[in-house]
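# Breakdown of the fold
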Amino acid sequence: MTGLYGVIDRIASMAGAALGGRLIAWVGAPGALYADAASFLVCALILGLTAGSPPLVPVADRDPVPYVQKLRRGWDFLRRDVVLVGMSAIVAATNLLDLAWSAVLMPAWGRNSGHGAAGIGVLFAVFSACAALSSMAAARWAERLPRFRTYVIAYLLTGLPRFAVLALGSPLCVCVAVFVIGGLACGFLNPILGAVVFERIPERLVGRVSALNSALCWSLMPLGGLLGGLLAASLGLAPVLWVVGTAYLLVTLLPLLVPSFREFDSRPAPEPVRARTSGHSV
């Protein structure tokens, strides 16, 4: 299921990047923004027309434990798991750098290189398409691969090379080749991370702990564009590509220095099934 979700996400990213670049080429940036806004409205209408009403839970069956207390129990579990905390921190840092790259550095590269929105769309589409293909492969064969080694290699191939090839002013065909490799590597990351998350969390805590983990992973993303803009204005495009790419490399090397990450390859034994005496979760 995790692999399927990753495939759908990558295919959507691929289609969006290709369509976005084409729309800008056809109707310009303002027209593309209007089309994007209209697509959100259509999605909202579809959701409103197709989503059913949530079932009413009788008062006697409602969980008496307050939401904040449930969330605190989830946090207590998460903060004690060194692997989950370290993984969340690394993903949060790489998401920050990825947003600086996609929101600021890629558009600046498109303008300075002369490839424009069409070139950006091609690179995003190629990266997402290859990530979708490798996500399908990961869903089928990742179980047989050593997780830790695959995780580290995939992150290394996904990170610095795409920054370096843009900083060097390489021809578009070379950029496409590097983005193909990065996309193929990237598709293995989410299935591995998702499997580790769901294997390490007890069933009764999956919802709250996975939600907290996602919140941590996304926490720095709003600052990505700001970081990219400030660095680009201060250093120029090529130097900031090297700075952000090197930071990405250092972050992705951290698992090699933290012994607890070796637990990626261990599959914790499932919790024993206990008889439930009530319908309330803990």
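For the structure given in this document, a descriptive report is provided here. (Residues numbered from 1 in each chain as written. Predicted model: local features only at pLDDT ≥ 70, side-chain atom pairs only at ≥ 80, totals over all residues. Heavy atoms only, no water.)

## What to know about the overall build of the protein
As a reminder, the rule being used: Runs of H or I in DSSP of at least four residues are treated as helices and runs of E of at least two as strands, each being numbered from the N terminus. Residue burial is assigned from relative accessible area. The probe radius is 1.4 Å, only protein chains are included, and a residue is buried under 20% of its type maximum, exposed over 50%, and partly exposed in between. Contacts were defined at the residue level, with two residues in contact if any of their heavy atoms lie within 4.5 Å. For the accessible areas, the method is Shrake-Rupley and the probe is 1.4 Å, while residue cover comes only from the protein chains on display.
Check the secondary structure of the protein and you find 11 helices and zero strands. Ordering the α and β elements of the protein from the N terminus gives α-α-α-α-α-α-α-α-α-α-α. Scored against the burial criterion, the 282 residues of the protein give a buried share of 37%. The long-range share in the protein, meaning contacts at least 24 apart out of those at least 6 apart in sequence, stands at 85%. Of the roughly 15,800 Å² of accessible surface on the protein, a fraction of 70% belongs to carbon and sulfur atoms.

## Details of the nonpolar core
Put simply, the rule reads: Take the buried residues of types Ala, Val, Leu, Ile, Met, Phe, Trp, Tyr and Cys, join any two whose side-chain atoms come within 4.5 Å, and each joined set is a nonpolar core.
If you look at the biggest cluster of nonpolar residues, it comprises 51 residues, and the most contacted ones within it are M106, Y151, L166, F179 and F264. Contributing elements (two or more residues each) for this core: α3 (82-113), α4 (116-141), α5 (147-158), α6 (160-167), α7 (172-186), α8 (189-200), α9 (206-218) and α11 (237-257). Looking at this core element by element, the count peaks at 13 residues for α3. Residues contacting M106, with those up to four places away along its chain left out, are W101, I120, L123, F124, L166 and F179.

## Looking at a nonpolar patch on the surface
Note the cut-off: Here, patches come from residues exposed beyond 30% relative accessible area and free of salt bridges, joined within 9 Å for like charges and within 5 Å for nonpolar side chains (Val, Leu, Ile, Met, Phe, Trp, Tyr). Definition used for salt bridges: Asp or Glu carboxyl oxygen within 4 Å of a side-chain nitrogen of Lys or Arg.
Nonpolar side chains collect at one region of the surface, where L220, L223, L226 and L230 lie side by side and expose about 360 Å² of accessible area between them. Its location among the elements puts L230 in helix α10 (residues 224-235). Look at L230 and you get exposed, because its relative accessible area is 54%.

## A short note on the environment of L249
Assignment of secondary structure puts L249 in helix α11. Taking relative accessible area as the criterion, L249 reaches 25% and is therefore assigned partly exposed. Sequence spacing of L249 and L157 is 92 residues, and the spatial spacing of their C-alpha atoms is 9.5 Å. Beyond its immediate sequence surroundings of up to four residues, L249 is in contact with L156 and L160.

## Some remarks on the side chain of T94
Convention followed: Definition of a polar contact: a pair of N or O atoms within 3.5 Å, with one able to donate and the other able to accept a hydrogen when the atoms are protein atoms, and with sequence-neighbouring residues admitted only if both atoms are side-chain atoms.
One can find T94 in helix α3. On the basis of relative accessible area, T94 is assigned to the buried category, the value being 1%. Side-chain polar atoms of T94 contact the side chain of Y155, separated by 3.2 Å. With residues near it in sequence (within four places) discarded, T94 still touches Y155, Y248, V251 and T252.

## A few points about the packing of aromatic side chains
Note the cut-off: In summary, the pairing rule links any two rings of Phe, Tyr or Trp, Trp by its six-membered ring, whose centres are within 6.5 Å, and it sorts them by plane angle into stacked for under 30 degrees, edge-to-face for over 60 and tilted for everything else. Put simply, a charge is over a ring when the Lys NZ or the Arg CZ is close to the ring centre, within 6 Å, and near the line of the ring normal, within 35 degrees.
What the rule picks out here adds up to eight aromatic pairs. Pairing F127 with F179 gives two aromatic rings, centres 6.1 Å apart and planes at 75°, and the pair type is edge-to-face. Pair noted here: F127 is in helix α4 and F179 is in helix α7, with a separation of 52 residues, a long-range link. Each member of the pair, F127 together with F179, is buried. What links up through ring pairs into an aromatic cluster is the set W101, F124, F127, Y151, Y155, F163, F179 and Y248. Positioned over the ring face of W101 is R162, at 4.3 Å from the centre of the ring. When the ring centre of Y248 is taken as origin, the NZ or CZ atom of R162, which lies over that ring, is 5.1 Å away.

## Description of the packing of α6 against α11
The test is simple: The convention used is that axes are lines fitted to C-alpha atoms, helices contributing only their stretch in contact, and that angles between N-to-C directions extend from 0 to 180 degrees. Any angle that is under 35 degrees is reported as roughly parallel, and any over 145 degrees as roughly antiparallel; angles of 65 to 115 degrees are reported as roughly perpendicular and all others as oblique. Should the near helix be turned anticlockwise from the far one by less than a right angle, the crossing is left-handed, and should it be turned clockwise, the crossing is right-handed. Note on residue classes: Ala, Val, Leu, Ile, Met, Phe, Trp, Tyr, Cys and Pro are nonpolar, Asp, Glu, Lys and Arg are charged, and everything else, Gly too, is polar.
One can describe the packing of α6 onto α11 by two numbers: an axis separation of 8 Å at closest approach and a directional angle of 165°. In terms of their interaxial angle, α6 and α11 are classed as roughly antiparallel. For the pair α6 and α11, the sense of crossing is left-handed. Contacts between α6 and α11 pair L160, R162, F163, A164, L166 and A167 from the former with A238, L241, W242, V244, G245, T246, Y248 and L249 from the latter. Broken down by class, the residue content of the contact of α6 with α11 amounts to 11 nonpolar, two polar and one charged.

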